[in-house]
Amino acid sequence: MKEIELKLEGKIDRLTNKTFKFDERIREGWFSAVYFLKTREIVGKYHPDNIVTMQFFQKDHAVLCGTDEVIALLHTFADHPEQLEIKSLKDGDKISPFESVLTVTGPYQYFGYLEGIIDGILSRRTSVATNVYNVVKAAGNKPIIFMGDRDDHYTQQAGDGYAAFIGGSTAQATHAMNEWWGKKGMGTMPHALIQMFRGDIVAATEAYKETFPEDELMALVDYNNDVITDSLKVARAFKEELKAVRLDTSNTLVDKYFLRNQHVLGTFDPRGVNPELVFALREALDQEGFHYVKIVVSGGFNKERILDFEAKHVPVDMYGVGRNLLSVNYGFTGDNVLLNGTHSAKYGRKYRPNPRLEEVPYLGE
């Protein structure tokens, strides 16, 4: 059983290194800024008995993610982690500007060299979680497919997929994206499959159905840049077996529907997946009785574009989003704010106690 299942059932409070599988080179300082490593050595020599409190925050409203990972990091790589006092919020908590989300108290040389790694974990995970949350909210809680595999380094897929899950996306493109939170990747066909059938969308869809009969049948319909014609072809061929069609028209193309219906042009940008094309597709499907076929759109969607579609009541059932969910927009900072229990911080920073923080017990690695 995956740890996330135990957590969701309330049997454990947090995920551990059994889930995260950290690179052991962290212990050697391989991923830490060199000045942290030098400071650890100096402090251990001159002030080994000092106790510091390090406090982490960021400057926006956000959805916090990465706390389980950070705590597992500390419990795995800090010296004498059982002697550290760790207080933290939880993954999924809504946070405010400058709110303390994590404090670590103990001898600096035990854990200080991990500061930059902690900042990086919290920044990336919170950014992805918040980006996804904002898109899900913009979509009115319609399903969001997290399609970030081609815009991300493959080594980041598991963590980004977990952060996307925390943000509200439960449909993701690769198995790796689902690794930490329990499901398998989902998806149907790329353009390459249709190419193998020389653009014959019906033949490609039939081959898919025969090969993966347990999957819900979804056809990609923009290969020939004629989404309405091809959607009707597959709908007529597969009737109620067809669950959805996906539009992924390039923003540099104008669908052939508009070339046949030039009288509708002149008041909007006809390139790519646009509201008028989706309205026309929905109408064409409905006119032939295919009310049950859902419409999925992808290709360059972000929060602003989804808000525009939703404000216009465009009949989209699901959005596929990739690159725009991966921007790191929420940067965290770690500051030493207390020294031996009294205020001691760089100018402009101060200890910000947060009653929402929960003390985290050490349960072993």
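Residues numbered from 1 in each chain as written. Predicted model: local features only at pLDDT ≥ 70, side-chain atom pairs only at ≥ 80, totals over all residues. Heavy atoms only, no water.

Colleague: Looking at this model, I keep getting lost on the packing of aromatic side chains. Mind explaining?
Modeller: Geometrically, a pair of aromatic rings is defined through the distance of the ring centres and the angle of the planes. Scanning all chains against the criterion turns up 13 aromatic pairs. An aromatic cluster is present here, built from F20, F22, F77, Y162 and W180 joined pairwise through their rings. Above the ring of F301, the side-chain terminus of R305 is found at 3.8 Å from the ring centroid. (Phe/Tyr/Trp six-rings, centres within 6.5 Å; stacked < 30°, edge-to-face > 60°. Lys NZ or Arg CZ within 6 Å of the ring centre and 35° of its normal.)

Colleague: Any chance you could explain unusual backbone geometry here in plain terms?
Modeller: Generally, phi is negative for residues other than glycine and the peptide bonds are trans, each holding for most cases. Even without being a glycine, F98 presents a positive backbone phi close to 70°. With respect to the helices, strands and loops of the structure, F98 is situated in the loop between β4 (94-95) and β5 (102-107). Located in the positive-phi region is H313, a residue other than glycine, with phi close to 55°. Relative to the helices and strands, H313 resides in the loop between α13 (303-311) and β11 (318-321). (Helix = DSSP H or I, 4+ residues; strand = E, 2+ residues; numbered from the N terminus.)

Colleague: Can you walk me through the pattern of salt bridges in this structure?
Modeller: Side chains that differ in charge, positive against negative, can pair when their charged atoms come close. Per the counting criterion, the structure on display carries 23 salt bridges. Across the salt bridge formed by R356 and E99, the nearest N and O atoms sit 2.8 Å from each other. Within this pair, whereas R356 is found in the loop between β13 (342-343) and β14 (358-360), its partner E99 is found in the loop between β4 and β5, the two being separated by 257 residues in sequence. Taking the relative accessible area as the measure of exposure, R356 reaches 38% and is therefore partly exposed. For R260, the salt bridge goes to D226, with nearest N and O atoms at 3.0 Å. Within this pair, whereas R260 is found in helix α11 (residues 256-260), its partner D226 is found in the loop between β8 (217-220) and α10 (227-238), the two being separated by 34 residues in sequence. By relative accessible area, which is 45% here, R260 ends up partly exposed. According to the relative accessible area criterion, D226 is buried, its value standing at 10%. Overlapping salt bridges, with partners in common, bring together E69, R124, R125, D152 and D160 in one network. (Salt bridge = Lys/Arg side-chain N within 4 Å of Asp/Glu carboxyl O. Buried < 20%, exposed > 50% of the residue type's maximum accessible area, 1.4 Å probe, protein only.)

Colleague: What is the right way to look at the pairing of strand β3 (residues 85-88) in this model?
Modeller: Regular strands have side chains that alternate between both faces of the sheet. Judged by which residues are buried, β3 turns out to be one-sided: I86 and S88 face inward and are buried, whereas E85 and K87, on the alternate face, are not. Of the pairings in the sheet, the one linking β3 to β5 comprises four bridges and is antiparallel in character. Opposite E85, over in β5, you have T105 as the bridge partner. When β3 meets β14, the two strands line up antiparallel, connected through three bridges. Along β14, the bridge assignment pairs S88 with E358. (Pairing = 2+ DSSP bridges.)

Colleague: How should I be thinking about the packing of α10 against helix α12 (residues 275-287) in this particular structure?
Modeller: In a pair of packed helices, the angle between the axes and the distance between the axes together describe the arrangement. Axis separation between α10 and α12 bottoms out at 10 Å; the angle between their running directions is 30°. The angle between the axes of α10 and α12 places the two elements in the roughly parallel class. As α10 runs across α12, the sense of the crossing is right-handed. In this structure, α10 uses V227, I228, S231, L232 and A235 to contact α12, whose residues at the interface are L277, A280, L281, A284 and L285. Of the residues in the contact of α10 with α12, the class split is nine nonpolar, one polar and no charged. (Axes fitted to C-alpha atoms, helices over the stretch in contact; angles between N-to-C directions. Parallel < 35°, antiparallel > 145°, perpendicular 65-115°, else oblique. Left-handed = near helix turned anticlockwise from the far one by under 90°. Contact = heavy atoms within 4.5 Å. Nonpolar A, V, L, I, M, F, W, Y, C, P; charged D, E, K, R; others polar.)

Colleague: Sorry, what's going on with the pairing of β5 here?
Modeller: The buried count for β5 comes to six of six residues, which makes it a mostly enclosed element. Across six bridges, strand β1 (residues 51-57) lies against β5 in antiparallel orientation. Within β5, the position partnered with M54 by the bridge is V104.

Colleague: Whenever I open this one, the environment of Y154 confuses me. Can you help?
Modeller: By the secondary structure assignment, Y154 is in the loop between β6 (144-146) and α7 (157-167). Taking the relative accessible area as the measure of exposure, Y154 reaches 62% and is therefore exposed. Between the alpha carbons of Y154 and M177 there is a distance of 9.4 Å; along the sequence they are 23 residues apart.

Colleague: Is there a simple way to think about α10 in this case?
Modeller: Because each turn of an α-helix spans 3.6 residues, side chains separated by three or four positions end up pointing in the same direction. An ideal rise of 1.5 Å per residue puts 16 Å on 12 residues; α10 measures up with 16 Å between its terminal C-alpha atoms. Among the residues making up α10, those that are buried are V227, I228, D230, S231, L232, V234, A235 and F238. Looking at the buried side of α10, the elements it contacts are α9 (201-211), β8, β9 (242-247), α11 and α12. At the exit of α10 stands K239, carrying a positive phi of roughly 45°. (Expected span 1.5 Å × (residues − 1).)

Geometry only, nothing functional implied.
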